[in-house]
Amino acid sequence: RQAPPVTQAECSAPRPFECPCRHTLPAMSDPFHLVSWLIVRRPDGFVLLGRRTGRYGTGLWGLPGGHAEDTETLAQAAARETLEEVGLSVDAESLALLGMSRYVDAGVRGADFFFLATRWRGEAQAVSECSEVGWFDPFLLPPEALPWLAGTLERQLKRESGRGEWLSETLG
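These numbers come from a predicted model, not from an experiment.

Caption draft 1: Inspection of the overall build of the chain at higher detail. Scanning the chain for helices and strands turns up 2 helices and 10 strands. Reading the helices (α) and strands (β) of the chain from amino to carboxyl end gives β-β-β-β-β-β-α-β-β-β-α-β. Looking at the chain as a whole, 41% of its 172 residues qualify as buried. Of the contacts formed within the chain by residues at least 6 apart in sequence, a portion of 61% connects residues at least 24 apart. Within the structure as shown, the chain displays about 9800 Å² of accessible surface, and the carbon and sulfur contribution to it stands at 53%.

Caption draft 2: Broad picture of the pairing of strand S8 (residues 108-117). Where burial is concerned, most of S8 is hidden: 8 out of the 10 residues are buried. Of the pairings in the sheet, the one linking strand S3 (residues 32-40) to S8 comprises 9 bridges and is parallel in character. Bridged to Ser36 within S8 is Phe113. Pairing of strand S7 (residues 96-105) with S8, which is carried by 9 bridges, proceeds in the antiparallel orientation.

Caption draft 3: Focus on the environment of Gly66. With respect to the helices, strands and loops of the structure, Gly66 is situated in strand S6 (residues 65-67). Here the alpha-carbon distance between Gly66 and Glu85, two residues 19 residues apart in the chain, equals 9.6 Å. Here Gly66 is in contact with Leu34, Val35, Ser36 and Glu81, once residues within four sequence places are set aside.

Caption draft 4: Geometry of the nonpolar core. Residues Ile39, Leu49, Leu63, Leu141, Leu149 and Leu153 are the most contacted members of the largest nonpolar core, which totals 18 residues. Elements supplying a minimum of two residues to this core: S3, strand S4 (47-52), S7, S8 and helix H2 (149-160). When near neighbours in sequence (up to four residues on either side) are disregarded, Leu153 contacts Ile39, Val47, Leu63, Pro138 and Leu141. Val40, Ala78, Leu95 and Ala111 belong to the second largest nonpolar core, which has 17 residues in total.

Caption draft 5: Representation of the sheet that holds strand S5 (residues 61-62) within the structure. Here we have 3 strands laid out as an open sheet, ordered S5-S4-S9, and antiparallel in their pairing. Each having just a single partner strand, S5 and strand S9 (130-136) make up the two edges of the open sheet. When S4 meets S9, the two strands line up antiparallel, connected through 6 bridges. Note on S9: the bridge partner recorded for Gly50 is Val133.

Caption draft 6: Layout of helix H1 (residues 74-86). In a regular helix each residue adds 1.5 Å, so 13 residues correspond to 18 Å; H1 covers 18 Å between its end C-alpha atoms and thus fits that length. Phi for Gly87, located one or two positions after H1, is positive at around 75 degrees.

Caption draft 7: Here's a closer look at the environment of Pro147. For Pro147, the position within the fold is in the loop between S9 and H2. When the C-alpha positions of Pro147 and Gly57 are compared, they lie 9.4 Å apart, and in sequence the two are 90 residues distant.

Caption draft 8: Seen up close, unusual backbone geometry. Of note in this structure, Glu129 is not a glycine but carries a positive phi near 65 degrees. The partly exposed category is assigned to Glu129, whose relative accessible area is 39%.

Caption draft 9: Representation of the pattern of salt bridges within the structure. Evaluated as defined, the whole model comprises 10 salt bridges. Its salt-bridge partner being Arg51, residue Glu144 comes within 3.7 Å of it at the nearest N-O pair. Within this pair, whereas Glu144 is found in the loop between S9 and H2, its partner Arg51 is found in strand S4, the two being separated by 93 residues in sequence. With its nearest N and O atoms 3.1 Å apart, the salt bridge here joins Glu81 to Arg80. For Glu81, a relative accessible area of 8% puts it in the buried group.

Definitions and cut-offs
- Residues numbered from 1 in each chain as written.
- Predicted model: local features only at pLDDT ≥ 70, side-chain atom pairs only at ≥ 80, totals over all residues.
- Heavy atoms only, no water.
- Helix = DSSP H or I, 4+ residues; strand = E, 2+ residues; numbered from the N terminus.
- Buried < 20%, exposed > 50% of the residue type's maximum accessible area, 1.4 Å probe, protein only.
- Contact = heavy atoms within 4.5 Å.
- Areas by Shrake-Rupley, 256 points an atom, 1.4 Å probe, with all protein chains shown as cover.
- Pairing = 2+ DSSP bridges.
- Core = buried A, V, L, I, M, F, W, Y, C linked by side-chain atoms within 4.5 Å.
- Expected span 1.5 Å × (residues − 1).
- Salt bridge = Lys/Arg side-chain N within 4 Å of Asp/Glu carboxyl O.

Below, the structure is given as structure tokens:
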């Protein structure tokens, strides 16, 4: 029988390990995904989505976004990914941080950070990791959207108006 998981503070043995109290913690090399997403919103309230290609969510509509590089801030990552995926240029300094979501799902761990842009330069177009782009009512998403997108948009856009929670967590 395995003992319940503990935090690193509760057990100081090197990782990965099985300590004398029989707790097992993951190796430090297990990836932790640090992801920035950008909600690009027009004055009429519609948000920009791209139909994803590549490794994550292929064929599904989602926000522009991706992993932060070690040399950039979270806002810079959101701006870079938006330019790379949908061709819009945004100033990282002008982005509003709406909130974050921590997740642990089937061994995948990470944190998603959600930013809002209401100003940009350029015309939306599928550039990289997207096959098409479109503007959608955030509360009437297409059925082929990423499964978490509807709830996330609702939470984050409520947060913008001061009514939502800054942090959400999905464990398990």
